[in-house]
There are 2 protein chains.
Amino acid sequence: MRERLIESTRELLWERGYVGTSPKAIQQRSGAGQGSMYHHFRGKPDLALAAIARSADDMRVRAEAELSGSASPLQRITVYLRRERDALRGCPVGRLTQDPDVMADPELRRPVEETFAWLRTRLAGVLADARSQGELDASLDPAATATALVAVLQGGYVLARAAGDAEVYAQAVDGALGLLAGHAR
Amino acid sequence: MRERLIESTRELLWERGYVGTSPKAIQQRSGAGQGSMYHHFRGKPDLALAAIARSADDMRVRAEAELSGSASPLQRITVYLRRERDALRGCPVGRLTQDPDVMADPELRRPVEETFAWLRTRLAGVLADARSQGELDASLDPAATATALVAVLQGGYVLARAAGDAEVYAQAVDGALGLLAGHAR
DNA sequence: GTCTATAACGTGATAGAC
DNA sequence: GTCTATCACGTTATAGAC
């Protein structure tokens, strides 16, 4: 049951955010009763922390798998950017940055902060490798470029949702890769 | 009073989103009572529509002023991207894409959809001008590049909020301009 | 571990007095 | 136009039985 509660919370946090997710909705989706939920977790924040931590871990594990492959640095970045994502659903971690109650709670906020800090640093490292291997223009700043690329993904979700069209997300990625191509050697 | 209600709703929508904003909070911030609010507006959705429409108009008017200047196309794009923004506060229109109740209501959603559709198209037009004037590489696709640039701004907000540091937003913009620079003639 | 009962408080709105 | 009273319902728990 504990597992079902975490998974249901994860889905609801993804769909509706923290503010928009009630304990009642979690209980209904998971099939757990009030007593069961409050037996396994101290309350909504405690359960949300477990769900957020898991989403953050997932995101990191996936990215690491793609960014640490055996292909060339630039190829790994392309694979990472082009990975199929559910664009209209958005990013389960990124969406939490818009949640005032999550950002106000240091415990809930930490996984969000750490995940993006790690991702930007990790991507900057791969870009630095691409540069040192002569695959990429030396004039490109790895840290700023990495931040811009992660921003394209996060912003791509925003634009795809605004348009109600997943293709807009793909277009943002295409645009980023087009810009990056001009710096490839 | 009508004016104060709209402005207070705009602020709260920006800070807490639609789901996280209650009529009571709006009344307290605006100094209006229940009766006053329900006299001027039919309810929360009606008031939110007025607030959202105004934020969308603002965003469009500002962007148009920068993108239609007399400087060269690439310079205008740089001015637009570098305009000072309250990065930790985020985009008042973009944040609404994460709000399930806004996206589920066609009336509330329309201004969001139209604003970003207009912005992407407008920016693509300026990029096309830059290209036809020989200021920018002919290989760059204007539409995809425009979508990527708008995504960098929207994603920049996400990353800045995640890091709790407005500088991260500036870094995303720097990264985008660095990528664009490689295609300048 | 899970259930039901209970409760204090907030939400979103209506009604009618002033 | 604005105010207070009222209301049905939802939220976020706690308590204790099973």
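Note that this is a predicted model, so its numbers are computed, not measured.

J.: How would you explain the protein's contact with DNA strand C if you had to name every residue and give the values?
T.: Among the 15 residues in the neighbourhood of DNA strand C, the closest are listed as Gly35(A), Ser36(A), His40(A), Pro23(B) and Gln34(B). Across the atoms of DNA strand C situated within 4 Å of the protein, the share located in sugar and phosphate is 55%. Here a phosphate oxygen of DNA strand C and a backbone polar atom of Lys44(B) are 3.2 Å apart. Where the surface near DNA strand C is concerned, the elements lending two or more residues are α3 (34–40) of chain A together with α2 (23–30) and α3 (34–40) of chain B. Broken down by element, the surface near DNA strand C gets its largest block of residues, 5 residues, from α3(A). Of the residues that constitute the surface near DNA strand C, the class distribution is 3 nonpolar, 10 polar and 2 charged.

J.: Quick rundown of the protein's contact with DNA strand D? Include the residues and the values.
T.: For DNA strand D, the set of nearby residues contains 14 residues, the closest of which are Pro23(A), Gln34(A), Tyr38(A), Gly35(B) and His40(B). Sugar plus phosphate, as a fraction of atoms of DNA strand D within 4 Å of the protein: 59%. The backbone of Lys44(A) places a nitrogen or oxygen atom 3.3 Å from a phosphate oxygen of DNA strand D. One nitrogen or oxygen atom from the side chain of His40(B) is found 2.7 Å from a phosphate oxygen belonging to DNA strand D. Breaking the surface near DNA strand D down by element, the ones donating at least two residues are α2 (23–30), α3 and α4 (44–67) of chain A together with α3 of chain B. In the surface near DNA strand D, the residues fall into 4 nonpolar, 8 polar and 2 charged.

J.: Which residues make up the packing of aromatic side chains, and what are the values?
T.: Inspection of the entire model under this criterion finds 2 aromatic pairs over all chains. With a centroid separation of 4.9 Å and an interplanar angle of 25°, the aromatic rings of Tyr157(A) and Tyr169(A) are classed as stacked. Placement of the pair is Tyr157(A) in helix α8 (residues 142–163) and Tyr169(A) in helix α9 (residues 166–181), with a sequence separation of 12 residues. Judged by its relative accessible area of 8%, Tyr157(A) is buried. Against the face of Tyr18(A) rests Lys44(A), its NZ or CZ located 4.5 Å from the ring centre. The residue whose ring lies beneath Arg89(B) is Trp14(B), and the NZ or CZ to ring-centre distance is 3.9 Å.

J.: Got a sec to walk through the interface of chain A and chain B? Specific residues and values, please.
T.: It is common to give the size of an interface as the accessible area lost on bringing the parts into contact. Taken together, the 45 residues of chain A in the interface contact 45 residues of chain B. Taking both partners together, chain A and chain B bury about 3,800 Å²; carbon and sulfur atoms supply 64% of that area. Our count for the chain A to chain B interface comes out at 2 salt bridges. Asp101(B) is the salt-bridge partner of Arg16(A), the closest N and O atoms lying 3.4 Å from each other. Taken together, chain A and chain B are joined by 16 residue pairs in polar contact (both at pLDDT 80 or more). Taken together, the elements giving at least two residues each to the side of chain A that touches chain B come down to α1 (2–16), α6 (100–104), α7 (106–132), α8 and α9 of chain A. The dominant element in the side of chain A that touches chain B, judged by the number of residues it contributes, is α8(A), at 16 residues.

J.: Quick rundown of the side chain of Thr147(A)? Include the residues and the values.
T.: Secondary-structure assignment places Thr147(A) in helix α8. Not counting residues within four places of it along the chain, the set of residues in contact with Thr147(A) comprises Arg120(A), Leu159(B), Val168(B), Gln171(B) and Ala172(B).

J.: So what about the nonpolar core? Which residues, and what values?
T.: Counting 96 residues, the largest nonpolar core has Phe116(A), Leu119(A), Phe116(B) and Leu119(B) as the members making the most contacts within it. In this structure, Leu119(A) is in contact with Met59(A), Ala63(A), Leu67(A), Tyr80(A) and Val150(A), ignoring residues within four places of it in sequence.

J.: Give me the lowdown on the relation of the copies chain A and chain B, citing residues and values where you can.
T.: Of the transformation superimposing chain A on chain B, the axial component is 0.0 Å and the angular component is 180°, with the fit at an RMSD of 0.0 Å. Here the symmetry operator amounts to a two-fold rotation axis. Every residue of chain A has its C-alpha some distance from the rotation axis, and the shortest such distance is that of Gly155(A), at 1.9 Å. Interface residue correspondence from chain A to chain B reaches 100%, placing this contact among same-surface, isologous pairings.

J.: With reference to specific residues and values, describe the UniProt feature "domain: HTH tetR-type" (unreviewed entry) in chain A.
T.: The positions UniProt marks with the feature "domain: HTH tetR-type" (unreviewed entry) are residues 1–59 of chain A. Structurally, residues 1–59 of chain A is divided into 78% helix and 0% strand, and its ends, taken at the C-alpha atoms, are 24 Å apart.

J.: Provide a residue-level description of the pattern of salt bridges, including the pertinent values.
T.: Applying the stated criterion across every chain, the model contains 26 salt bridges over all chains. For Arg29(B), the salt bridge goes to Glu11(B), with nearest N and O atoms at 3.0 Å. Within this pair, whereas Arg29(B) is found in helix α2, its partner Glu11(B) is found in helix α1 (residues 2–16), the two being separated by 18 residues in sequence. The class of Arg29(B) is partly exposed, set by a relative accessible area of 35%. Residue class for Glu11(B) comes out partly exposed when judged on its relative accessible area of 30%. The partner of Glu64(B) in a salt bridge is Arg122(B), with the nearest N and O atoms 2.7 Å apart. Placement of the pair is Glu64(B) in helix α4 (residues 44–67) and Arg122(B) in helix α7 (residues 106–132), with a sequence separation of 58 residues. Judged by its relative accessible area of 28%, Glu64(B) falls in the partly exposed class. Its relative accessible area of 22% is what places Arg122(B) among the partly exposed residues. Linked through salt bridges whose partners overlap, the residues forming this network are Glu3(A), Glu7(A), Arg10(A), Arg54(A) and Asp58(A).

What counts, and at which threshold
Residues numbered from 1 in each chain as written. Chains lettered and ligands numbered in written order. Predicted model: local features only at pLDDT ≥ 70, side-chain atom pairs only at ≥ 80, totals over all residues. Heavy atoms only, no water. Near = heavy atom within 4 Å. Polar contact = N/O pair within 3.5 Å; in protein donor to acceptor, adjacent residues only side chain to side chain. Helix = DSSP H or I, 4+ residues; strand = E, 2+ residues; numbered from the N terminus. Nonpolar A, V, L, I, M, F, W, Y, C, P; charged D, E, K, R; others polar. Phe/Tyr/Trp six-rings, centres within 6.5 Å; stacked < 30°, edge-to-face > 60°. Buried < 20%, exposed > 50% of the residue type's maximum accessible area, 1.4 Å probe, protein only. Lys NZ or Arg CZ within 6 Å of the ring centre and 35° of its normal. Contact = heavy atoms within 4.5 Å. Buried area = accessible area lost by both parts, 1.4 Å probe. Salt bridge = Lys/Arg side-chain N within 4 Å of Asp/Glu carboxyl O. Core = buried A, V, L, I, M, F, W, Y, C linked by side-chain atoms within 4.5 Å. Least-squares fit on C-alpha atoms with pLDDT ≥ 70 in both. UniProt positions renumbered as here; feature names shortened; annotations may be inferred.

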